[in-house]
Amino acid sequence: MKRRNIILDCDPGHDDAIALLLCCYSDKLNLLAVTTAAGNQTIEKTTRNANNLLHFFNSQNIPLAMGASSPLVRPIQTCPEIHGESGLDGFDFPLYEEHYDKREGYQLIIDTIKENDDVTVITTGPMTNLAKAIKAEPNITSRIKEIVLMGGSTTEGNITKAAEFNILVDPEAADICFSSGVPLRMLGLNVTRKILVDDKVMLEASKIKTRGGDLFVKLMKVFNENQRKFFGLTAGPLHDPATVISLIDDEVFTFKDMQVKIDISNTDLVGKTYCLLDKPHNTKVAIEVNLDKYWENIYSALRRCK
Ligand code: BDR
Ligand code: CA
């Protein structure tokens, strides 16, 4: 079977790290490029983390470009409460060589889409880079197969009552992507908050004696502890890998076609994703998750990361 061409735009980030692991170890995907967003931490930190992770996954040959240092129009917001000062607290990487593509993230996205057919763009952070790419070269939209994002919610947000973090940080960027005409697939909080790294998951992962298993357990200890302190959750939700898993296993999520619109006002509702059933649809919105199948996909990727 032909592998699906993908770009991962991410802000690692504990859950982004596991999304990247899945991209590197799936035989159904062809990871063409990685770009970084400012979100969970500053752009310098998320880029350093992405570089460390690519080396750790023996994928340092994949082009990695630093994205925009701030959202399109609003000031930057980061999330050290969950991801720590480094953006990926809990795991000490060896000192890897730092080698980045010279292009800015959005330019690497444009070039990769032009040079390859049927590229799917996965975003697991604020959508700034993809929006910049679409603004700079609107013609690329006809070449993008699909945008698959972690963000938004059909119900409540996590940072405000209305908004989820990735959309709230750069609502204008999300609005550009959702209005672009490219088919979208949205994995929002309404499903990802059900995917909890609970004791059972930690126990199963700790039995996986690979480098991937070790990375997962160490990262998730810190992630869970921070989720408990900040959100009062008993276990952390593993949001971002949902995007990748939806591409490698079509039995994990159930989707409904909806029209999704982004609130870009300067009110309490900013960043809200309005998910409308009775309007012409632009997005497949995840509404159900099969948790056993989700974790099977995670465990099998951790086993392959030897
Ligand atoms: C999203 O926000 C980030 O902190 C996570 O990495 C995830 O992408 C969840 O709201
Ligand atoms: Ca993220």
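Note that the structure is predicted; figures quoted are calculated from it, not measured.

(A) Region of interest: the overall build of the protein. Helices and strands together make up the secondary structure of the protein, namely 12 helices and 9 strands. Relative to the 2.2 N^0.38 estimate, which gives 19 Å for 306 residues, the radius of gyration of the protein is 17 Å and therefore close to what a compact globule would have. Dimensions along the principal axes, computed over C-alpha positions, put the protein at roughly 45 × 40 × 40 Å. Each of the 306 residues in the protein was classed as buried or not, and the buried ones make up 59%. The long-range fraction of contacts in the protein, counting pairs at least 24 apart against all pairs at least 6 apart in sequence, stands at 81%. The averaged location of the 41 negative side-chain charges in the protein is 3 Å from the averaged location of its 35 positive side-chain charges.

(B) Representation of the coordination of the calcium ion (ligand 2) within the structure. Only D11 (OD), D16 (OD), D16 (OD), T124 (O) and D240 (OD) from the protein reach the calcium ion (ligand 2) as donors, at distances of 2.2 to 2.6 Å. Going along the chain, you hit the donors of the calcium ion (ligand 2) in the pattern D-x4-D-x107-T-x115-D. Of this pair, D16 sits in helix α1 (residues 14-25) while T124 sits in the loop between β4 (119-123) and α5 (128-136); the two residues are 108 residues apart in sequence, bridging distant segments of the chain. Residues D16 and T124 agree in their burial class; the two are buried.

(C) Molecular detail of helix α9 (residues 199-206). All of the buried residues along α9 are V201, M202 and A205. Looking down the long axis of α9, one finds its buried residues gathered within 100° of arc, a one-sided arrangement. Facing away from the buried side of α9, by more than 90 degrees, are the exposed residues D199 and K200. If you follow the buried residues of α9, they end up packed against α10 (211-231) and α12 (291-304).

(D) The arrangement of the packing of α9 against α10 in detail. At their nearest, the axes of α9 and α10 sit 9 Å apart, and the two run at 155° to each other. The angle between the axes of α9 and α10 places the two elements in the roughly antiparallel class. Considering the relative orientation of α9 and α10, their crossing is left-handed. Facing α9, whose interface residues are V201, M202, A205 and S206, α10 presents G213, F216, V217, M220, K221 and N224. Within the contact of α9 with α10, the residues separate by chemical class into 6 nonpolar, 3 polar and 1 charged.

(E) Quick look at the packing of aromatic side chains. Using the criterion set out here, one finds 10 aromatic pairs in the structure. Geometrically, the ring pair formed by F253 and F255 is tilted, given 6.3 Å between the ring centres and 50° between the ring planes. Judged by its relative accessible area of 7%, F253 falls in the buried class. By relative accessible area, F255 is classed as partly exposed at 26%. Arranged with centres 6.1 Å apart and planes meeting at 90°, the rings of F253 and Y294 form a pair that is edge-to-face. Of the two residues, F253 sits in strand β7 (residues 253-262) while Y294 sits in helix α12, which places them 41 residues apart along the sequence. With respect to class, F253 is no different from Y294; both count as buried.

Rules used in this analysis
- Residues numbered from 1 in each chain as written.
- Chains lettered and ligands numbered in written order.
- Predicted model: local features only at pLDDT ≥ 70, side-chain atom pairs only at ≥ 80, totals over all residues.
- Heavy atoms only, no water.
- Helix = DSSP H or I, 4+ residues; strand = E, 2+ residues; numbered from the N terminus.
- Rg over C-alpha atoms; globule rule 2.2 N^0.38 Å.
- Buried < 20%, exposed > 50% of the residue type's maximum accessible area, 1.4 Å probe, protein only.
- Contact = heavy atoms within 4.5 Å.
- Lys, Arg positive; Asp, Glu negative; His and termini not counted.
- Charge placed at Lys NZ, Arg CZ, Asp CG, Glu CD.
- Donors = N, O, S within 2.8 Å, 3.2 Å for Na, K, Ca; no water.
- Arc of directions from axis to C-beta.
- Axes fitted to C-alpha atoms, helices over the stretch in contact; angles between N-to-C directions.
- Parallel < 35°, antiparallel > 145°, perpendicular 65-115°, else oblique.
- Left-handed = near helix turned anticlockwise from the far one by under 90°.
- Nonpolar A, V, L, I, M, F, W, Y, C, P; charged D, E, K, R; others polar.
- Phe/Tyr/Trp six-rings, centres within 6.5 Å; stacked < 30°, edge-to-face > 60°.

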